[in-house]
Amino acid sequence: RDSAEVARTSGVFQRRPMFEAGSLTFAPVTLSAELGLDAKSLLSMFSSTNDGAVAEAIAYWNSFADTMTTLASNLTSISSGLVSSNSGAVFSAADSTMKGLAARATSIATASEVMAGHLAVLPSVKAMAVNALSAIEAESKVLPNPGAQKAFEQAEVAAFLSGPCLLYTSPSPRDRG
């Protein structure tokens with residue numbers, strides 16, 4: 001009686017190295033160059049912002065979030081179909097891997113939505129800055145003395161740049177006594 005031995009071949013994929021996010025600490029903004037600019041120059045800088053690029057970035061991140069959400073849904077559906085029709089350690093491992101990938105895709109989708117949300121604020125920040133700088137420029141012109149105009153504008157620009165810009169309010173020079 002002859003016997004045959006069947007060789008088993010298995011492939012093992014190398015695991016990816018763990019992602020190292022590094023430091024998520026951001027350096028504080030340095031405004032030394034901008035502090036030397038007058039309201040008109042800053043107003044020009046804000047006014048010339050490419051609104052189309054911001055809109056494109058918002059659309060990109062929203063589309064990417066949708067793609068990742070669809071991917072997560074598809075992976076979950078495929079995983080469910082796989083384990084409902086098959087059994088065994090290989091299928092359980094595949095199910096676990098697909099569920100893990102679906103969770104990662106969901107996480108990426110959420111992060112992409114956050115990015116789109118932050119970018120969506122930029123147009124209102126720009127409008128606020130344009131309004132505030134226009135007001136500073138107009139209010140400085142009310143003062144009769146050119147030296148006082150310059151001093152007022154420099155102080156207001158410094159306050160605008162170093163303060164909470166969204167809460168910016170400036171009383172009129174006429175109200176300052």
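Bear in mind the structure is a predicted one, so any value in this text is a computation, not a measurement.

1. Details of the overall build of the protein chain
Part 1 of the reasoning: Counting its secondary structure elements, the protein chain contains 5 helices and 0 strands.
Part 2 of the reasoning: Put simply, the protein chain runs from its N terminus to its C terminus through helices and strands in the order α-α-α-α-α.
Part 3 of the reasoning: Burial status across the protein chain gives 21% buried among its 177 residues.
Part 4 of the reasoning: Once local pairs closer than 6 in sequence are excluded, the contacts in the protein chain between residues at least 24 apart make up 71%.

2. What to know about the packing of aromatic side chains
Part 1 of the reasoning: For the structure on display, the rule yields 4 aromatic pairs.
Part 2 of the reasoning: Seen from their ring centres, Trp61 and Phe64 are 6.1 Å apart, and the 90° between their planes marks the pair as edge-to-face. Of the two residues, Trp61 and Phe64 are both situated in helix H3 (residues 51–85); the distance of 3 residues between them amounts to about one turn of the helix.
Part 3 of the reasoning: Judged by its relative accessible area of 24%, Trp61 is partly exposed.

3. Here we look at the nonpolar core
Part 1 of the reasoning: Of all hydrophobic cores here, the largest spans 11 residues; its members are Ala39, Leu42, Leu43, Met128, Ala129, Ala132, Leu133, Ile136, Val157, Phe160 and Leu161.
Part 2 of the reasoning: Within the residue set of this core, elements represented by two or more residues are helix H2 (39–47), helix H4 (89–142) and helix H5 (146–162).

4. Remarks on the packing of H4 against H5
Part 1 of the reasoning: At a closest axis distance of 8 Å, the pairing of H4 and H5 adopts a crossing angle of 160°. One finds that H4 runs roughly antiparallel with respect to H5. For the crossing formed where H4 meets H5, the hand is right-handed. Contacts between H4 and H5 pair Met128, Ala129, Ala132, Leu133, Ile136, Glu137, Glu139, Ser140 and Lys141 from the former with Gln149, Phe152, Glu153, Glu156, Val157 and Phe160 from the latter.

5. Comments concerning the pattern of salt bridges
Part 1 of the reasoning: Taken as a whole, this structure holds 2 salt bridges when the rule is applied.
Part 2 of the reasoning: Here Lys126 and Asp51 are joined by a salt bridge, their closest N and O atoms 3.0 Å apart. With a gap of 75 residues between them, Lys126 in helix H4 and Asp51 in helix H3 connect regions that are remote in the sequence.
Part 3 of the reasoning: A relative accessible area of 14% places Lys126 in the buried class.
Part 4 of the reasoning: Note that Asp95 and Lys99 form a salt bridge whose closest N and O atoms lie 3.3 Å from each other. Taken together, the residues Asp95 and Lys99, both in helix H4 and 4 residues apart, mark about one turn of the helix.
Part 5 of the reasoning: You can call Asp95 buried: its relative accessible area is 11%.

6. Here's the deal with the packing of H2 against H4
Part 1 of the reasoning: Where H2 contacts H4, the two axes come as close as 9 Å, and the packing angle between them is 160°. In terms of orientation, H2 lies roughly antiparallel with respect to H4. Every pair of crossing elements has a handedness; the one defined by H2 and H4 is left-handed. Residue-level inspection shows Ala39, Lys40, Leu42, Leu43, Phe46 and Ser47 of H2 in contact with H4, the latter providing Lys126, Ala129, Val130, Leu133, Ser134, Ile136 and Glu137.

Cut-offs applied
- Residues numbered from 1 in each chain as written.
- Predicted model: local features only at pLDDT ≥ 70, side-chain atom pairs only at ≥ 80, totals over all residues.
- Heavy atoms only, no water.
- Helix = DSSP H or I, 4+ residues; strand = E, 2+ residues; numbered from the N terminus.
- Buried < 20%, exposed > 50% of the residue type's maximum accessible area, 1.4 Å probe, protein only.
- Contact = heavy atoms within 4.5 Å.
- Phe/Tyr/Trp six-rings, centres within 6.5 Å; stacked < 30°, edge-to-face > 60°.
- Core = buried A, V, L, I, M, F, W, Y, C linked by side-chain atoms within 4.5 Å.
- Axes fitted to C-alpha atoms, helices over the stretch in contact; angles between N-to-C directions.
- Parallel < 35°, antiparallel > 145°, perpendicular 65-115°, else oblique.
- Left-handed = near helix turned anticlockwise from the far one by under 90°.
- Salt bridge = Lys/Arg side-chain N within 4 Å of Asp/Glu carboxyl O.

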